[in-house]
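Observations on the three-dimensional arrangement
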Amino acid sequence: MKKHKKRRIYRKLFRFIFFLALVFFIAFFLAGGTSFFAPRTWQHVGDFLPKLEAVLPANQQATAPKEISGIDRLSRMLFLKRAVDARIDKEHYVKLRDIPEDMQNAIIAVEDNRFYSHYGFDVQGILRATLVNLQYGEVTEGASTITQQLVKNLFLSNEQSFGRKAEELLLSLDMEANYSKSEILELYLNTIYYGSNFYGIGPASQGYFGKKPSELKLPEAAMLAGTPNAPSLYSPYVDFMLAKKRQFVVIDAMTRCGYIDEATAESAKIKPIYLERTTK
């Protein structure tokens, strides 16, 4: 009899606790508690974890980034901001507010003109690039978005495998879920390679033109925006005339996207460019 009474008490206690938990979760969701499950909420948990050791972004490492464990990959996905912070060059980092709109628009126009429309990867862009590449019989146009390029530059190797592309896709979606478009663009401009050993918009602006990024004019911004596609070719210190041709491509892309009009484009094309040091 005592055992039966105890079981009844335990059942009643369990039902009571279950009822309280149910009421709590209903009230939690009605009060907007769904944000608890949002990706950005979990990024703050990473603030309580030990800081990661500062490491150069993958695109600046002399050798291919070392393989990490599945646990570390999961941790990177869950606490992406913690992982990103460990890869950023804070000494030369430039805020988006200090980067001219012409520079921002130039990069978007030539690298990812649907940047504000996709969520990390662009199916339409992939199809367009595939058709163009089939037409020419070689890879003439890439399909990677700014977000994909960013996560690759920060974390991944150049290995062309299904596994690496899948990881790039997942990290891109994670990046879009945890960062605003402005934040992604800011990170991208500060991590891409502009040629001649200049990584990030700050060193590139100073190295090529002897200016802060905020002082860049449209012709200079367009020339800088043209370099990431093939930095070893389009650096004005390597081949100024090729860099100038690439600048025209960027300016034309800006015109097509509606960032500048024809008159502004033609004016930018003929304005002289003064480099910080003489070319070879």
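Coordinates for the structure precede this section.
Residues numbered from 1 in each chain as written. Predicted model: local features only at pLDDT ≥ 70, side-chain atom pairs only at ≥ 80, totals over all residues. Heavy atoms only, no water.

Considerations on a nonpolar patch on the surface
A cluster of nonpolar residues, Tyr-119, Phe-121, Val-123, Leu-127, Leu-169, Leu-170 and Leu-173, forms a patch on the protein surface that exposes about 660 Å² of accessible area. It is helix H8 (residues 162–178) that provides the largest number of residues to the nonpolar patch, a total of three residues. Take Phe-121: it is sitting in the loop between helix H5 (101–111) and helix H6 (123–136). The class for Phe-121 is partly exposed, based on a relative accessible area of 32%. (Patch = residues over 30% accessible without salt bridge, like charges linked within 9 Å, V, L, I, M, F, W, Y side chains within 5 Å. Areas by Shrake-Rupley, 256 points an atom, 1.4 Å probe, with all protein chains shown as cover. Salt bridge = Lys/Arg side-chain N within 4 Å of Asp/Glu carboxyl O. Helix = DSSP H or I, 4+ residues; strand = E, 2+ residues; numbered from the N terminus. Buried < 20%, exposed > 50% of the residue type's maximum accessible area, 1.4 Å probe, protein only.)

What about the packing of helix H7 (residues 146–155) against H8?
Look at H7 against H8: their axes get within 9 Å of each other, and the N-to-C directions meet at 110°. Viewed along their axes, H7 and H8 adopt a mutual orientation that is roughly perpendicular. For the crossing formed where H7 meets H8, the hand is right-handed. Of H8, the residues touching H7 (which contributes Thr-147, Gln-148, Leu-150, Val-151, Lys-152, Leu-154 and Phe-155) are Arg-164, Glu-168, Leu-171, Ser-172, Met-175 and Glu-176. (Axes fitted to C-alpha atoms, helices over the stretch in contact; angles between N-to-C directions. Parallel < 35°, antiparallel > 145°, perpendicular 65-115°, else oblique. Left-handed = near helix turned anticlockwise from the far one by under 90°. Contact = heavy atoms within 4.5 Å.)

Some points on the layout of surface pockets
Taken as a whole, the second largest pocket holds about 690 Å³ of empty space. Mapped by element, the contributors of at least two residues to the lining of the second largest pocket are helix H3 (70–78), helix H4 (80–85) and H8. Class assignment for the residues of the lining of the second largest pocket results in ten nonpolar, five polar and eleven charged. (1 Å grid on protein atoms, 1.4 Å probe; cavity = no way out; pocket = protein on both sides within 12 Å on 5 of 7 lines; lining within 4 Å. Points joined across faces, edges and corners; volume = space filled by probe spheres on them. Nonpolar A, V, L, I, M, F, W, Y, C, P; charged D, E, K, R; others polar.)

Some details on helix H10 (residues 201–209)
Summarising burial for H10: seven of the nine residues are buried, a large majority. All of the buried residues in H10 are Ile-201, Gly-202, Ala-204, Ser-205, Gly-207, Tyr-208 and Phe-209. The secondary structure elements touched by the buried residues of H10 are H5, helix H9 (181–191) and helix H11 (218–226). Positive backbone phi, at 65°, marks Gly-210, one or two positions downstream of H10.

Some remarks on the environment of Arg-277
Secondary-structure assignment places Arg-277 in the segment after helix H14 (262–270). Taking relative accessible area as the criterion, Arg-277 reaches 46% and is therefore assigned partly exposed. A sequence separation of 67 residues divides Arg-277 from Gly-210, and the C-alpha atoms of the two residues are 8.9 Å apart. Once you skip the residues sitting within four places of it in the chain, Arg-277 turns out to touch Phe-198 and Tyr-237.

Concerning the pattern of salt bridges
Pairs may arise between side chains of opposite charge once their charged atoms sit close together. Taken as a whole, this structure holds six salt bridges when the rule is applied. Between Glu-167 and Arg-76 there is a salt bridge; the shortest N-O distance is 2.5 Å. Residue Glu-167 is located in helix H8, and its partner Arg-76 is located in helix H3; the two are separated by 91 residues in the primary sequence. We classify Glu-167 as buried; its relative accessible area is 15%. On the basis of relative accessibility, which here comes to 9%, the residue Arg-76 falls in the buried class. Between Asp-252 and Lys-269 there is a salt bridge, and its shortest N-O distance comes to 2.7 Å. Linking Asp-252 in helix H13 (residues 240–256) with Lys-269 in helix H14, this pair joins segments that are 17 residues apart in sequence. Classification of Lys-269 as buried rests on a relative accessible area of 13%.

Points about unusual backbone geometry
Even without being glycine, Ser-196 reaches a positive phi, approximately 55°. Checked against the element boundaries, Ser-196 lands in the loop between H9 and H10. Phi is positive for Asn-197, close to 65°, though the residue is something other than glycine. Within the secondary structure, Asn-197 is located in the loop between H9 and H10. According to the relative accessible area criterion, Asn-197 is exposed, its value standing at 62%.

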